[in-house]
Amino acid sequence: MSTPAPAALIPGHPRTPALRAARLVLGRDLRLAFRRPGELVQPLIFFAIVATLFPLAITPEKSQLVLVAPGVVWVAALLASLLALEFLYREDAHDGSLEQFAVSGQSLTGLLLAKSVAHWLLTGAPLAIMGPLTAWADGAPMSALPGVFISVAVGSIALSLLGSIGAALTLGVRRSGVLLSVLNLPFTVPVLIFGARATQQAIQGVDYTAAVQLLGAMAILGVTLAPLAAAAAVRISLE
Amino acid sequence: MAWTWFHKLGSPPYVYKLAATLTPWFAWIAAALMAYGLIGGLVISPADYQQGEGYRILYVHAPTAWMSLQVYVVMAVASAVALIWRIKVAHAVAAACGTMGATFTACALATGSLWGGPMWGTYWEWDPRIIFELVLLVQFLGYMGLRAAVDDTQRADRICAVLAVVGVINVPIIHYSVEWWNSLHQTASVMKLGSKPTMPLSMLMPLLSMFFGYVFLFGALLLTRLRAELLSRERSASWIRDVVRA
Amino acid sequence: MSNLVLGARGLHLWRGDRHVLRGVSLELRGGQILQLTGSNGAGKTTLLRVLCGLAYLEEGDVFWRGENVRSNLHGFHAELAYVGHEPPLKADLTARENLSYWVGMRRPVTVARIESALDEVGADDWRDRPVRTLSAGQRRRVALAGLSLLSVPLWLLDEPTTNLDTAGQLLVTRMLEAHVTRGGLAVVAVHHELGVNGVTLHRMVLAS
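This structure is a prediction, so every number in the text was calculated from the model and none was measured. (Residues numbered from 1 in each chain as written. Chains lettered and ligands numbered in written order. Predicted model: local features only at pLDDT ≥ 70, side-chain atom pairs only at ≥ 80, totals over all residues. Heavy atoms only, no water.)

Caption draft 1: Structural context of the packing of aromatic side chains. By the definition in use, this model includes eight aromatic pairs over all chains. Centre to centre, the rings of F26(B) and F216(B) are 5.4 Å apart; their planes meet at 85°, and the pair counts as edge-to-face. A residue pair is termed long-range when its members are at least 10 positions apart, and F26(B) in helix α2 (residues 12-44) and F216(B) in helix α8 (residues 201-233) qualify at 190 residues. Judged by relative accessible area, which is 22%, F26(B) ranks as partly exposed. Taking 6.0 Å as the distance between ring centres and 50° as the angle between the ring planes, the aromatic pair formed by W64(C) and F76(C) counts as tilted. Placement of the pair is W64(C) in strand β4 (residues 59-64) and F76(C) in helix α2 (residues 73-78), with a sequence separation of twelve residues. As far as burial versus exposure is concerned, W64(C) and F76(C) are alike and both buried. Members of the aromatic cluster, joined through ring pairs, are F104(B), Y214(B) and F218(B). Across from the ring centre of W136(A), 5.9 Å away, lies the NZ or CZ of K62(A), which sits over that ring. Cation over ring: R158(B) sits above Y56(C), and NZ or CZ is 3.6 Å from the ring centre. (Phe/Tyr/Trp six-rings, centres within 6.5 Å; stacked < 30°, edge-to-face > 60°. Helix = DSSP H or I, 4+ residues; strand = E, 2+ residues; numbered from the N terminus. Buried < 20%, exposed > 50% of the residue type's maximum accessible area, 1.4 Å probe, protein only. Lys NZ or Arg CZ within 6 Å of the ring centre and 35° of its normal.)

Caption draft 2: Up close: helix α3 (residues 58-85) of chain B. The first and last C-alpha atoms of α3(B) sit 40 Å apart over 28 residues, in line with the 40 Å expected at 1.5 Å per residue. Backbone geometry just after α3(B) places R86(B) at a positive phi near 55°. (Expected span 1.5 Å × (residues − 1).)

Caption draft 3: Highlighting the pairing of strand β6 (residues 80-83) of chain C. Residue and element names in this part refer to chain C. Of the two faces of β6, the one carrying L80 and Y82 and the one carrying A81 and V83 are both buried. One ladder, built from four bridges, connects β6 with strand β7 (residues 154-158); its direction is parallel. Each residue of the ladder has a partner; that of Y82, found in β7, is L156. (Pairing = 2+ DSSP bridges.)

Caption draft 4: Quick peek at the pairing of β4(C). All names here are of chain C. The buried fraction of β4 is high, at five of six residues. Bridge count between strand β1 (residues 5-15) and β4: five bridges; the pairing is antiparallel. Pairing of A8 across the sheet is with V62, part of β4. Note: β4 against strand β5 (residues 67-68), two bridges, orientation antiparallel.

Caption draft 5: Representation of the interface of chain B and chain A within the structure. Chain B puts 19 residues into the contact, and the matching count from chain A is 23 residues. Summed over both partners, the interface of chain B with chain A buries about 1,800 Å², with 80% contributed by carbon and sulfur atoms. Remark: the boundary between chain B and chain A carries one salt bridge. For the interface between chain B and chain A, the tally reads two residue pairs in polar contact (both at pLDDT 80 or more). Here the element with the most residues in the side of chain B that touches chain A is helix α5 (residues 128-149) of chain B; it accounts for nine residues. Its residues assigned to classes, the side of chain B that touches chain A shows 13 nonpolar, three polar and three charged. (Contact = heavy atoms within 4.5 Å. Buried area = accessible area lost by both parts, 1.4 Å probe. Salt bridge = Lys/Arg side-chain N within 4 Å of Asp/Glu carboxyl O. Polar contact = N/O pair within 3.5 Å; in protein donor to acceptor, adjacent residues only side chain to side chain. Nonpolar A, V, L, I, M, F, W, Y, C, P; charged D, E, K, R; others polar.)

Shown next as structure tokens:
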């Protein structure tokens, strides 16, 4: 009895490089999102609804509304991002794709970072446009809008990435919405505080660089450490 | 040599017996320290120059708040140990910390509120340290919620361990919030490293006594809960029968 | 003599209070198939997932090429393919797209090779429709196409013939025979005997 030599079992093909694998995952997630445009716009519509409720509930006077405009923008952004986070891993967890990521031989951290980038592009970046629009509708001067744009853009990165940790921790939990927002609180509260402060400073016309730098620091923390924590949580959920 | 001791701490029956032995000691030491602290603080020490008699709630508020941070740190360290070295007993320690942490934090917020009302005319302020202490309370509740939401005990242990380690970032934020923001809370007068504390000895001694008293109280409570956790987790193991028979 | 060996020693796993895996040990070499049978809930899926490194092991070790897989988990994963109960396909992508992502993420693969793999599993005009419109049997065939494209030595398959008609079951048998003749190994959990011919077949029955 002889065992045949393993000829051409791995026919000279090397592994796909990590960066290319990440780009493929990013492209896949973007393509999938556009196949379901109805689901894609849900967080943004939710943002618009929440942002509209405030002037209706508080006051239509722009001179007063402009005082709460930063809060309106940021609470709406936070709630929209929480809604969006529920979709981040859900489908991949259900159809076995996350499992395949975990046994692919590629770094799970890198693949989850790619998913988070796609997620931000779809649900966070649009907020950077809707935020200034809302601020303007609530009485902010045009000169303030670039500042609002920057603060929401950077802050949404922090929210998306740090939020992925809570999403990964609640993977196996049914109806995880409230628990997700509770677990993400230690991250979202600082982002909210500094984001609203930056937006307020922009609207008032004072220098907002310090607050934006702190937001940037949180975003960097999110990009570097959040995927690691999320990967650990995903592996545990798959067990 | 040190390694065998560490190894023994991973064995549930050993830890159970150790906890049973230490608990009464911790309880009595805690009682003694707290008795001295309360009598010294509430009765003997002089009234504060600015706040009069009302400041005395400090003797309960400050140690409780400090303990809320310590409990989280213990929970986070136990979780890290459990994840890195795969020690089941460490998971039980972390689980035992959850409810106690929530209680300490809630008490800290409540005593702070009771202090603030008569003293500064406000029972609640959105001051940074208070905000982040409230976040800490939510973290403990979230930890307990996540543990309850995950079905399998072992998976719940590990996922909560990740949560505890990731959430530890709030602890330094709370501690340094008084330096980063101007707020209702005064800057540290006891814990300044290196320099002398700015409090008179007659106030400082009972306060320190209360701090340590609370530490031993936490120790006693933790060890008791730990024993309950171990009994529940290891209920099908053989050493449980020996314990019950004894 | 190749060093393609999958080993396991003293695997223990508990689910709550249930002792699911009780000291399982095995050794499988290149050119061999391990057939896992057992009643529902006996632990076949659990054992497969433990061998993949997906499930948490209380005690015991898994070895690949003589080394403990814990020392190089990514390297181990790069040489295995795991297909569970449900084919890991995205419902909104077509068969072609699914394969280009699932396989392409691990190994560069050309359009031509995807097409020929789909040909081999008998995909005709349905290869361009979203996977959610396909029948369970068709999805299983797409998963099999992916398996052959991945070109890895170790296959871990959980009931690969589910939802397949007779022709499909024959396809699985042929693929296993070809894989193993080329020197690969496979651990396959099944309910019925695999009808493979001309290859070394080991059997393990898990009792609940």
